[in-house]
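Observations on the three-dimensional arrangement
Here are the chains, one letter per residue:
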Amino acid sequence: MPADIRRALRVQEIHKSYPGVHALRGVSLDVRAGEVHAVVGENGAGKSTLMGVISGSQAADAGTIEIAGTSLDRPSPAATRALGLVIAHQWPALAPDLTVVENMTLAAPRAQVDDRVAWCREALAAVHATASPHDRVHDLSLAQRQLVEVAKAYVASPRLLILDEPTEPLSATEIDNLFAWVERLAADGVGVIYISHRIPEIRRIADRVTVLRDGMVAGSWTLPEISDDEIVHQVVGRPVEAAFADKPKRAARDTPILAVDDFSCDGFADVSLSVHAGEVVGLAGVEGNGQRELLHALAGVAPSRQAVVIDGVQRKIGDVRAARRHGIVYLPADRHDDGLFMRLSVRENLALSTLGERRRGGFVRRGAEREAVNRQIERLDVRAASSETEVATLSGGNQQKVLIGAAMMAGPRVFLLEDPTQGVDVGARAEIYRSLRALAADGAAVLIVSSDPIELEGLCDRVLVFARGRVVAELCDEQVTEHEIAQAALMVAAAREPGGSGSAKVRFLRGDYFPSLVLAGIIVALGAFVASRNGLYLSGQNVRTTLALLAALAFIALGQLVVVQAGGFDLSVGPLSGLIVVVGSFYFAEPLGAGALVLGLLIAATVAFGAGLLNGVMAGPGGISPIVTTLVTFILFQGCSLLLRPTPGGTYDIRLSDALTTAAGPLPVSFAVAVAIGIALEWWLRRTRSGMALRAVGSDDDVARRLGLSPERVRLYAYLGCAGLTFCGSLVLAGQVGIGDPNLGTEYTLMSITAVVLGGASIFGGRGSFVGAMLGALLIVQVMNATTFLGLDDAWQRWLVGLMTLSGAGVYSRLRATRTSP
Amino acid sequence: MPTTAPPRRRAEGAFGAVLGRIGFALAVLLLVSLVAAPDTLRGSTLLTMLPFASMLAIAAIGQTIVVQHGGLDLSVAGAVSLSAALVTKGAQEIGGLPAAICLTFGAAMVVGLVNGMLVARLSITPMIATLGVNALAIGVVLDVTGGVPTAAPSALTRITIERTLGVQNTVIAALVVLTVVGVVVQRTVVGRRHVAVGVSNAAARNAGLRVSAYRVAPYVVAALCYAIAGTLIAGFQQSPGLSVGEPYLISTVAVVVLAGTPLTGGRASVIATTLAALFLTQLNQLVLSVGAPTAVQYLIQSAVIAAGVATREVAGLQRAARHLRTRLRRRPPVTTPASIPSSSLKETES
């Protein structure tokens, strides 16, 4: 159909339900090629779900999607991407430990470019991003990350582009630049869906606007035919669900319980606010505009330098404990992770923060605890089988009641709440509203951040509306309506102040090669010192034995690093290397024929592969913790070795041992091969997509998934690679030992981990360098060797290795912990 | 309807389930022992098994406390060896068992404090911090002993081998540690807060707890447990080797896993830990008594831990099952073009 070709997107009658929520109810949307189509709606109106369905990352229950005239039978992120759909997410899908250019390479799987850095620089310039291609995403400000996300869209040459609230963190100039680019795209015939909460911006950039309300399309208009007021009118108007308690008439003003004046912190600035006893004050605004940050500063979650006036006295709130001391009690938004102790009982959750009030000589007075808990359960009508029920098994509403109950037991003077009724059913909501009102009536002050304007209308005496970190409106009494709140938030045109960018020096200090440089320095210094004390240290004989010992450890450390980069861990490398030596001892005995050599190598390689597969399947697709997985295989491999050779036996053919330990002068061949493989791996890690994928998975599972990678599969491959490198290491070991010894190799587990950490790898994954791991291995072997030359005893070996590990881990973690704040 | 107090249960939810599982496993093991090797359940054999189980239990209780906070204490090997070395060498050098024991416990506290500070203040990953401290502790062992084991003072040996009221002193020590730690964790304010911090760091901070202090303390308590274990081992073995603590690294972690304590932290039961230590020791005893080589001991150990994890990590299995189901559902839609291909829309690429 020719008519369809000019359509960038056609969505018809999409339905989507989640347990308990009908998120989309028959949504249809048309986007023409060459138009900018704005989509507006309140939080929870269904915008994110709709975009998820269009992109193929969420499956619709019913409905059809056509992109560029091709209808999608089986929507998937890969399929929609192939049709030219590109999304710039509101929360950028960027792996934090990777650089900008690496992220862009991962995001553009089909891009064939010779010079990636130039290609990336061009894309960044096109969207006027000031980030360097070599900047690590972790160190970028929010605005920079947002622009990198847009640059990712640029290189993907989209035919349909979805921009999800791209301007939130941007400054005015950055917004201008972004809009100029979007206009050029549209002129080239690209369809653009522009999701935003800012009507002035929509009026600047969009041709048409579609309003979503309550999972349905309220209507579509070209912009000239609809007024700002009418858009606001269409956006609001969700039916009121829960019953609200009456707001009492406010009495004459006494001194406020809580007051701040020109209060500034990360995320907001110059906020003045006072809250009186009996008042319920709401903080509104589009997400990410500073209202939550204000609450966090008051609660001591994000410490502020400025003082807060509590009951007329200036107080500094350094942490949550200080806030609690002054009667400020905080209720976090994410009750699962930040609020409740999900695996503890209702009783334990309720009583925890007030245990100190019910103790006798350090012991909890159980009778008093039970009584207080039961009183609270009754007061809030928490429905649980018993007070011993695990909180995780309760409904969302009852969980929230438990959380509020625990806070109320602390007797708050100022109660700070974030989204107190999110995911809470209607009945429980009414209970919560009633209890908050009752608390205020008892003389407390209540401050609420909520993304639901209806809730604020029903609950609050006063509402402050935030935009880009500042209070843009204060609504009192009759003004507190959903319409007024939405209008104040939607009509903001202001932009954020532009932010700075990181320096090259900081980048280097936090880079993957800084540890290597430090290690190299220590190695040279230590070497020079020992050589000055003992001339034999640099003799060919000593260098050769040291490097040969190093070769085995280097291989195993390289293997360990492959797994560690992917966010895994391998305790079993040590016993595995021993097992391979033992298996080999059955085939490589004197006299060694060609057939036995090949067969032996094949079988040993099969053992290594099987070991890698076992670890990889359990820790990858199996989802078992890497420590448990490799603990099991650690014991298993050790058992196998002992089963095959209860005592050392099976001497290797001397010719094979000689071959494995060949050296050219002081340089063992095994060492040269290890270095060559290490450098090749380093190149692979930095330059190839698969190397980047490995680090992306270790860096952030979710982001990796959004980039189209499968963390489970990548981890499986990582364990296979680790087993392969361990196999190489055990061949070197076999050449040195020359006998099947069942107790061989276990010490390599801890040594390989130490080497990897010294080399600067993050044990959480995503960071590390193979060169660094080899240098780490070198330092360990060198220290062991040097202590004998210096006449130091064995204790010094341990102390030096221990101190190096701790100082290395300490310094690296310090360097990386301080993040350039957005 | 408001909650009316239902009959109170002593075993609490998942906690009870974990206890039941390891208890059940132990019962099965004892039955198997009864059939396969009744000798292992005879008085004299049990008497040789119980001290080992007790010492493992004490060390594993320490490990449990650390694991509750999502950590893993690799310094158990070094700390046990260090304690054994200090108590023997100390008694010889300073003279007098009490002084040696004081020295040992003081050193253990230092080890624990260093671990805790590194983790809580310098935010070094627990595994790496304890790995480094382990190396330091072993260094001290080598330094103090000069590489030669010292004989334990005869008083210590006598204490560890003798019985009080017919019960072996090592068993009494394990029961005391179990009771003290159990009661503190379950009944005191400090213990309850310790559990809460382990379940959720963020929630504990938002509830106003002094989280950093609660992150240091477990390492100190654990180190003290290792010191008790190390002292007992020294007395029991009479002339403890320098690396006498080494096997305790793998075995304490194995016991913690068997006891059903998630390595990500959270609720744990020291009773389950003790039962798991008993289980592991008896398992080894059984394997040895039927004439199997040490190797089989290892194989069975790893199989048992794997089985224990498999029954617990249901999440992984469920995920695999879901994966399989979506695979199976991905059949080509047999819909006419006019109808809505809703079945095909349901599928997602995972």
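Model, not experiment: these values are computed from the prediction. (Residues numbered from 1 in each chain as written. Chains lettered and ligands numbered in written order. Predicted model: local features only at pLDDT ≥ 70, side-chain atom pairs only at ≥ 80, totals over all residues. Heavy atoms only, no water.)

All right, on to the overall build of chain B then. A tally of regular secondary structure across chain B gives 15 helices and two strands. The burial tally for chain B puts 53% of its 350 residues in the buried class. Partitioning the intrachain contacts of chain B with sequence separation of at least 6 by distance along the chain shows that 76% fall at a separation of at least 24. Only carbon and sulfur atoms are counted for the fraction: they give 67% of the accessible area of chain B, which is about 14,800 Å². (Helix = DSSP H or I, 4+ residues; strand = E, 2+ residues; numbered from the N terminus. Buried < 20%, exposed > 50% of the residue type's maximum accessible area, 1.4 Å probe, protein only. Contact = heavy atoms within 4.5 Å. Areas by Shrake-Rupley, 256 points an atom, 1.4 Å probe, with all protein chains shown as cover.)

With that settled, the discussion passes to the confidence of the model for chain B. Residues and elements named next belong to chain B. With 83% of its residues at a pLDDT of 70 or more, chain B shows a mean pLDDT of 80. A low-confidence stretch, residues 1-14 (pLDDT under 50), is modelled with 18 contacts involving residues beyond four sequence positions or located in other chains. Here the predicted complex scores 0.82 on pTM and 0.79 on ipTM. (pLDDT = per-residue confidence, 0-100.)

Residue and element names in this part refer to chain A. For methionine 692, the position within the fold is in helix α27 (residues 689-699). On the basis of relative accessibility, which here comes to 2%, the residue methionine 692 falls in the buried class. In this structure methionine 692 touches Leu98, Glu102, Thr105, Leu106, Arg116, Leu685, Arg686 and Arg687, once residues within four positions along its chain are discounted.

Residues and elements named next belong to chain A. Spanning 14 residues, helix α15 (residues 396-409) covers 20 Å between terminal C-alpha atoms, matching the ideal 20 Å at 1.5 Å per step. Among the 14 residues of α15, 14 are classified as buried, and the element is accordingly described as predominantly covered. Glycine 411 occupies a position one or two residues after α15 and carries a positive phi of about 60°. (Expected span 1.5 Å × (residues − 1).)

All names here are of chain A. Of all the positions in helix α9 (residues 228-235), only Ile231, Val232, Gln234 and Val235 are classed as buried. All buried residues of α9 fall inside an arc of 160° around its axis, so they share one side. Tucked into the core, α9 has its buried residues touching β3 (36-40), α8 (199-205), β9 (208-213), β10 (216-222) and α18 (482-490). (Arc of directions from axis to C-beta.)

Another aspect to go through is the side chain of threonine 754 of chain A. Here threonine 754 of chain A is to be found in helix α30 (residues 747-758). Discounting residues that sit within four places of it in the chain, threonine 754 of chain A has contacts with Ile780, Val801 and Thr805 of chain A together with Leu131 of chain B.

Residue and element names in this part refer to chain A. For the structure on display, the rule yields seven aromatic pairs over all chains. With a centroid separation of 5.4 Å and an interplanar angle of 80°, the aromatic rings of tyrosine 537 and phenylalanine 789 are classed as edge-to-face. Taken as a pair, tyrosine 537 in the loop between α20 (514-533) and α21 (540-565) and phenylalanine 789 in helix α31 (residues 770-789) lie far apart in primary sequence, 252 residues in all. Here the aromatic rings of phenylalanine 588 and tyrosine 652 are separated by 5.7 Å at their centres, their planes lie at 55°, and the arrangement is tilted. In this pair, phenylalanine 588 sits in the loop between α22 (573-584) and α23 (594-619) while tyrosine 652 sits in the loop between β23 (649-651) and α25 (654-660), placing the two residues 64 residues apart along the sequence. Of the two residues, phenylalanine 588 and tyrosine 652, neither departs from the other in class, the shared state being buried. (Phe/Tyr/Trp six-rings, centres within 6.5 Å; stacked < 30°, edge-to-face > 60°.)

All names here are of chain B. The positions UniProt marks with the feature "transmembrane region" (unreviewed entry) are residues 18-37, 49-67, 97-120, 127-145, 165-185, 216-236 and 248-265. Helix makes up 100% of residues 127-145 and strand 0%, with an end-to-end C-alpha separation of 27 Å. For residues 248-265, helix accounts for 61% and strand for 0%, while the C-alpha atoms at its two ends are 20 Å apart. (UniProt positions renumbered as here; feature names shortened; annotations may be inferred.)

Here the focus is the domain arrangement of chain A. Residue and element names in this part refer to chain A. Once the domains are mapped, chain A shows domain 1 (7-236), domain 2 (244-327 + 415-497), domain 3 (334-411) and domain 4 (515-528 + 537-816). One C-alpha centre belongs to domain 1, the other to domain 2; they are set 32 Å apart. Contact residues are listed per partner, giving 21 residues for domain 1 and 18 residues for domain 2. Note on domain 1 versus domain 2: buried area summed over both sides is about 1,700 Å², and carbon and sulfur give 55% of it. Counting the contacts that link domain 1 with domain 2 gives one salt bridge. When the shortest N-O distance is used, the salt bridge between arginine 468 and glutamate 201 registers 3.6 Å. One can count one residue pair in polar contact (both at pLDDT 80 or more) joining domain 1 with domain 2. Every element with two or more residues in the side of domain 1 that touches domain 2 is listed here: α7 (172-187), α8 and α9. A total of five residues in the side of domain 1 that touches domain 2 trace back to one element, the largest contributor, which is α9. Each residue belonging to the side of domain 1 that touches domain 2 can be placed in one class, and the counts come to nine nonpolar, five polar and seven charged. (Domains from an automatic or database assignment. Buried area = accessible area lost by both parts, 1.4 Å probe. Salt bridge = Lys/Arg side-chain N within 4 Å of Asp/Glu carboxyl O. Polar contact = N/O pair within 3.5 Å; in protein donor to acceptor, adjacent residues only side chain to side chain. Nonpolar A, V, L, I, M, F, W, Y, C, P; charged D, E, K, R; others polar.)

Tallying each qualifying case throughout the model produces 27 salt bridges over all chains. As a salt-bridge pair, aspartate 461 of chain A and arginine 437 of chain A come within 2.9 Å of each other at their nearest N and O atoms. Note that aspartate 461 of chain A is positioned in the loop between α17 (453-459) and β21 (462-467) and arginine 437 of chain A in helix α16 (residues 426-441), a separation of 24 residues in sequence. Taken together, the salt bridges that share partners define one network made up of Arg347, Glu369 and Glu388 of chain A together with Arg192 of chain B.

Next up on the list: the packing of α20 of chain A against α31 of chain A. Residues and elements named next belong to chain A. Viewed as axis vectors pointing N to C, α20 and α31 meet at an angle of 20°, and their least axial separation amounts to 10 Å. Classified by the angle their axes make, α20 and α31 are roughly parallel. Handedness of the crossing formed by α20 with α31: left-handed. Contact with α20, carried on its side by Ser516, Leu519, Ile522, Ile523, Leu526, Gly527 and Val530, involves Val771, Gly772, Leu775, Gly776, Leu778, Leu779, Gln782, Val783, Ala786 and Phe789 of α31 and no other residues of that element. The residue inventory of the contact of α20 with α31, partitioned by class, reads 12 nonpolar, five polar and no charged. (Axes fitted to C-alpha atoms, helices over the stretch in contact; angles between N-to-C directions. Parallel < 35°, antiparallel > 145°, perpendicular 65-115°, else oblique. Left-handed = near helix turned anticlockwise from the far one by under 90°.)

Another point: the packing of helix α4 (residues 97-120) of chain B against helix α10 (residues 211-237) of chain B. Residues and elements named next belong to chain B. Direction vectors running N to C along α4 and α10 enclose 145°, while the axes themselves pass 7 Å from each other. Between α4 and α10 lies a crossing of right-handed hand. Facing α4, whose interface residues are Ile101, Thr104, Phe105, Ala108, Met109, Gly112, Leu113, Asn115, Gly116, Met117, Val119 and Ala120, α10 presents Ser212, Arg215, Val216, Tyr219, Val220, Ala223, Leu224, Ala227, Ile228 and Thr231. Along the lines of polarity and charge, the residues of the contact of α4 with α10 split into 15 nonpolar, six polar and one charged.

Attention now goes to the environment of threonine 273 of chain B. Residues and elements named next belong to chain B. As for its placement among the helices and strands, threonine 273 is situated in helix α12 (residues 270-289). Residue classification places threonine 273 among the buried positions, given a relative accessible area of 0%. As for threonine 273 and cysteine 102, which are separated by 171 residues in sequence, their C-alpha atoms are 27 Å apart. Not counting chain neighbours up to four residues away, the residues in contact with threonine 273 comprise Ala60, Ile61, Thr64, Val255 and Ala259.

This part covers the sheet that holds strand β11 (residues 258-265) of chain A. Residues and elements named next belong to chain A. Ordered in space as β12-β11-β14-β15, the four strands form an open sheet in which the pairing is antiparallel. Strands at the two margins of the open sheet, each flanked by one partner only, are β12 (268-275) and β15 (313-315). Pairs of neighbouring strands in the sheet enclose a mean axial angle of 20°, with direction left out of account. (Pairing = 2+ DSSP bridges.)

Here the focus is the environment of glycine 146 of chain B. All names here are of chain B. Tracing the sequence through the fold places glycine 146 in the loop between α5 (126-145) and α6 (154-161). Under the relative-accessibility criterion, glycine 146 is labelled exposed at 58%. Along the backbone, glycine 146 and valine 195 are 49 residues apart, and their C-alpha atoms lie at a distance of 41 Å.

What follows deals with the interface of chain A and chain B. Chain A puts 88 residues into the contact, and the matching count from chain B is 84 residues. Where chain A packs against chain B, one counts two salt bridges. Note that arginine 267 of chain B and glutamate 348 of chain A form a salt bridge whose closest N and O atoms lie 3.2 Å from each other. Where chain A touches chain B, the interface holds six residue pairs in polar contact (both at pLDDT 80 or more). In terms of residue class, the side of chain A that touches chain B is made up of 45 nonpolar, 21 polar and 22 charged.

The side chains of a regular strand alternate, residue by residue, between the two faces of the sheet. Residues and elements named next belong to chain A. The element β21 is extensively covered by neighbouring structure, given that six of its six residues are classed as buried. Judged by which residues are buried, β21 turns out to be covered on both faces: Arg462, Leu464 and Phe466 on one side and Val463, Val465 and Ala467 on the other are all buried. Across four bridges, strand β13 (residues 280-284) lies against β21 in parallel orientation. Looking at β21, one finds that valine 281 is bridged to arginine 462. Strand direction decides the pairing type here: β21 and strand β22 (residues 470-476), joined by six bridges, are antiparallel. Paired with valine 463 across the strands is leucine 475, a residue of β22.

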